[in-house]
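# Fold and contact review
Residue strings, one per chain:
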Amino acid sequence: MKVESKQTADQIFAVAKLLEQVYETYPSNNPNEKLVRSISFDLSDKFTSKQRTVYKSNNLFDVKKKYKITLKYHEAFTLHAIIQYFLPSIPKNEKAYNDLLQLSNKLHQQII
């Protein structure tokens, strides 16, 4: 089962930056945390490559352009969980907070 979502460049950049924090977390012996960490690494690779693509093609005329990203169900579920976990640590007045909150809401609607 696949989940398709269209995201702005700002959302892609915010998710890529958020997923960098997963590399900074301490490895665990808990199987559930290992599972989330493993999926997070795959998501990080996917969003980082998409971020590079957006960097290369981004110009003033593509500001509102949306980029399609296809995630497997377990990736979308884990991404939603990661966003919900790290969202309280982001100040509410930053644009990244709003971008991640919008993406989290979209993912929540699609995975339920």
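## With respect to the packing of aromatic side chains
Within a pair of aromatic rings, the relevant descriptors are the distance that separates the centres and the angle that separates the planes. Using the criterion set out here, one finds three aromatic pairs in the structure. With a centroid separation of 4.9 Å and an interplanar angle of 25°, the aromatic rings of Phe13 and Tyr55 are classed as stacked. In this pair, Phe13 is assigned in helix 1 (residues 9-24) and Tyr55 in helix 2 (residues 31-57), connecting sequence segments 42 residues apart.

## Considerations on the nonpolar core
Within the largest apolar cluster, 29 residues are counted, with the highest numbers of intra-cluster contacts made by Leu19, Phe47, Leu71, Leu79 and Leu100. Listing elements by their share of this core, those giving two or more residues are helix 1, helix 2, strand 2 (66-72), helix 3 (73-86) and helix 4 (95-111). The greatest single-element share of this core, amounting to nine residues, is contributed by helix 1.

## Side note on the confidence of the model for the protein chain
Per-residue confidence for the protein chain gives a mean pLDDT of 90, with 99% of residues at or over 70. Looking over the protein chain, one finds the lowest element-wise mean pLDDT in helix 1, namely 90, and the highest in helix 4, namely 95.

## Some words on the packing of helix 3 against helix 4
Contact geometry for helix 3 and helix 4: axes closest at 9 Å, N-to-C directions at 140°. In terms of orientation, helix 3 lies oblique with respect to helix 4. Between helix 3 and helix 4 the crossing geometry is left-handed. Judged by residue contacts, Tyr73, Ala76, Phe77, Leu79, His80, Ile83 and Gln84 of helix 3 engage Leu100, Leu103, Ser104, Leu107, His108 and Ile111 from helix 4.

## Notes on helix 1
Each full turn of the α-helix corresponds to 3.6 residues, which orients residues three or four apart in the same direction. The terminal C-alpha atoms of helix 1 lie 24 Å apart, and with 16 residues this matches the ideal 22 Å at 1.5 Å per residue to within 8%. Taken residue by residue, helix 1 has Ala9, Gln11, Ile12, Phe13, Ala14, Val15, Ala16, Leu18, Leu19 and Val22 as its buried positions. On its buried face, helix 1 sits against strand 1 (2-8), helix 2, strand 2, helix 3 and helix 4.

The rules behind each value
Residues numbered from 1 in each chain as written. Predicted model: local features only at pLDDT ≥ 70, side-chain atom pairs only at ≥ 80, totals over all residues. Heavy atoms only, no water. Phe/Tyr/Trp six-rings, centres within 6.5 Å; stacked < 30°, edge-to-face > 60°. Helix = DSSP H or I, 4+ residues; strand = E, 2+ residues; numbered from the N terminus. Core = buried A, V, L, I, M, F, W, Y, C linked by side-chain atoms within 4.5 Å. Buried < 20%, exposed > 50% of the residue type's maximum accessible area, 1.4 Å probe, protein only. pLDDT = per-residue confidence, 0-100. Axes fitted to C-alpha atoms, helices over the stretch in contact; angles between N-to-C directions. Parallel < 35°, antiparallel > 145°, perpendicular 65-115°, else oblique. Left-handed = near helix turned anticlockwise from the far one by under 90°. Contact = heavy atoms within 4.5 Å. Expected span 1.5 Å × (residues − 1).

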